[in-house]
Amino acid sequence: MTVARHTGVRRGGALALEICAVAALYWGSAEIGLLQQQVRGQVTPMWPPSGIALASLLLRGPRVWPGIALGAFLVNISLGPSFLAVLAIAAGNTLAPVCSYALLRRARFHREMNRLRDALALIFLGAFTGMLVSATVGTGTLILTGVLDAGEFWATWSVWWTGDAVGVLAVTPVVLVLRSARWPRDTRPSRWAEGALLLAATVCIGFVETSTTPLLFLGFPLLVWAAFRFGLAGAAPCALAVSTFAIIAAAQNTGPFAGHDLFTNMITLQAFNGSVSLTALLLGAAVNERAQTEQEIALACGQLAEMVTKIAASDRRPALPAGEGERETRDQASK
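For every chain, the first residue of the written sequence is number 1, and numbering continues from 1 onward in sequence order. Since the coordinates come from a predicted model, pLDDT governs what is reported: local features require at least 70, and pairs of side-chain atoms require 80 or more to be given and counted, while whole-chain, interface and lining totals use all residues. Each side-chain value is worked out from all heavy atoms of the structure, with water and hydrogens disregarded.

1. Considerations on the nonpolar core
Formed by 36 residues in total, the largest nonpolar core has its most connected members in Phe-109, Met-113, Leu-122 and Leu-281. If you list the elements that add at least two residues to this core, you get helix H1 (2–33), helix H2 (48–60), helix H3 (65–76), helix H4 (83–106), helix H5 (116–129), helix H7 (153–180), helix H10 (232–252) and helix H11 (262–315). No other element matches the six residues that H7 contributes to this core. The next biggest cluster of nonpolar side chains, apart from the first, holds 24 residues, and it includes Met-46, Phe-230, Ala-239 and Ile-247. Remark: nonpolar core denotes a set of buried residues (Ala, Val, Leu, Ile, Met, Phe, Trp, Tyr, Cys) joined through side-chain atoms within 4.5 Å. Summary of the burial criterion: residues with accessible area below 20% of their type's maximum are buried, those above 50% are exposed, and those between are partly exposed, where the area comes from a 1.4 Å probe applied to protein chains only. Secondary structure follows DSSP: runs of H or I at least 4 residues long count as helices, runs of E at least 2 residues long count as strands, and numbering of each begins at the N terminus.

2. Let's talk about the packing of aromatic side chains
Whether two aromatic rings pair depends on their centres lying within 6.5 Å, for rings of Phe, Tyr and Trp, where Trp uses its six-membered ring; planes under 30 degrees apart make the pair stacked, over 60 edge-to-face, and the rest tilted. Applying the stated criterion across every chain yields a total of seven aromatic pairs. Considering the side-chain rings of Phe-124 and Phe-128, the 5.7 Å spacing of their centres and the 85 degrees angle between planes classify their relative orientation as edge-to-face. Of this pair, Phe-124 and Phe-128 both sit in helix H5, separated by four residues, roughly a single helical turn. On the accessibility criterion, Phe-124 (47% relative accessible area) is partly exposed. Its relative accessible area of 27% is what places Phe-128 among the partly exposed residues. Ring geometry for Trp-154 versus Trp-157: centroids 5.7 Å apart, planes at 75 degrees, classification edge-to-face. Of this pair, Trp-154 and Trp-157 both sit in helix H7, three residues apart, roughly one helical turn. For Trp-154, a relative accessible area of 62% translates into the label exposed. Classification of Trp-157 as buried rests on a relative accessible area of 15%. Following the ring pairs from residue to residue traces out a cluster consisting of Phe-124, Phe-128, Phe-153, Trp-154, Trp-157 and Trp-161.

3. What about the packing of H4 against H5?
The N-to-C vectors of H4 and H5 enclose an angle of 155 degrees; their axes lie 8 Å apart at closest approach. Between H4 and H5, the angle falls in the class roughly antiparallel. Where H4 crosses over H5, the two elements pack in a sense that is right-handed. Seen from H4, the contacting residues are Ser-100, Leu-103 and Leu-104; seen from H5, they are Ala-121, Leu-122, Leu-125, Gly-126 and Thr-129. Under the convention adopted here, Pro, Cys and the residues Ala, Val, Leu, Ile, Met, Phe, Trp and Tyr are nonpolar, Asp, Glu, Lys and Arg are charged, and Gly plus all remaining residues are polar. Residue composition of the contact of H4 with H5, by class: five nonpolar, three polar and no charged. Each axis is a line fitted through C-alpha atoms, and for a helix only the stretch in contact is used; angles between axes span 0 to 180 degrees, taken between their N-to-C directions. Roughly parallel here means an angle under 35 degrees, roughly antiparallel means over 145, roughly perpendicular means 65 to 115, and every remaining angle is called oblique. The hand of a helix crossing depends on one turn: near helix anticlockwise from the far one by less than a right angle means left-handed, and clockwise means right-handed. Residue contacts are counted whenever heavy atoms from the two residues lie within 4.5 Å of one another.

4. A closer look at the environment of Pro-48
With respect to the helices and strands, Pro-48 occurs in helix H2. Sequence spacing of Pro-48 and Ala-170 is 122 residues, and the spatial spacing of their C-alpha atoms is 8.0 Å. When residues no more than four places from it in sequence are discounted, the contact partners of Pro-48 are Ser-29, Gly-33 and Val-171.

5. A short note on the confidence of the model for the protein
Per-residue confidence from the predictor is reported as pLDDT, a score between 0 and 100. Per-residue pLDDT for the protein averages 83, and the proportion of residues at 70 or more is 84%. Confidence, expressed as mean pLDDT per element, reaches its minimum in the protein at helix H12 (residues 324–334) with 51 and its maximum at H2 with 95.

Encoded structure:
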């Protein structure tokens, strides 16, 4: 009884630590996201906590949802117009990733994302469908509490929904691939040099995005390079970096975002971020699936070659004299 009680206490303590860690990650990523707030100090073009929340559920299971709820409450307590509004928005922010998780589980999503169908499931179920909950609950709460006029519903809702969806598309794959990525010990130096060159090129493109030159499209060759050479482990972080620089450019009203109103800039920004995330996810997942298929084919060929070798070896065994085969069989049976 005492051992079982201590075991239960340890498990409860570990769960409490996990919940607190998820809440801290949610709150910290929200503070980063709010640095680029666009609408009434609450709606951002990319909401990283949505990606953190879904990744936490996929990695640790539904038991960590209280951490998401706690983190959402702590974030909104300083933003919400009233306590009830804070509870409503926090509930929407919690239900959205939980719904996404349930949909992905039903679709038999693999968190390794080694199939193209996994990328499609994350896009359409995890991002586009699940995030409808938080956008609808949050915007509706702001309308009901008088923070927004009824005429601002669709504009705010669309920014809220796309911000949550981009957060899932940009952040969740990065967390998942970093959690499962394993660099082989025998990685060649040229491979490390290529990765460093890719990182440097991504940073340079970021500075171009935030300059006065409207050259957002320069990020796509880097995404293709990262996907084909490093799979999703390279494409997902590259997409997150490119989208982050684009958000900074939009906040500073520079590059392709200069001289336009907020609505036009948000459409341009979200279209660009969505294209970047979709390109990285689809190409990266396709490359991962091809690599896994090649490994399975190589394994099957190895097993087939071993089987053929055994059959050939048995055929080369010398034939036994007449009656010797039956005697050997009886001897083996008696043993």
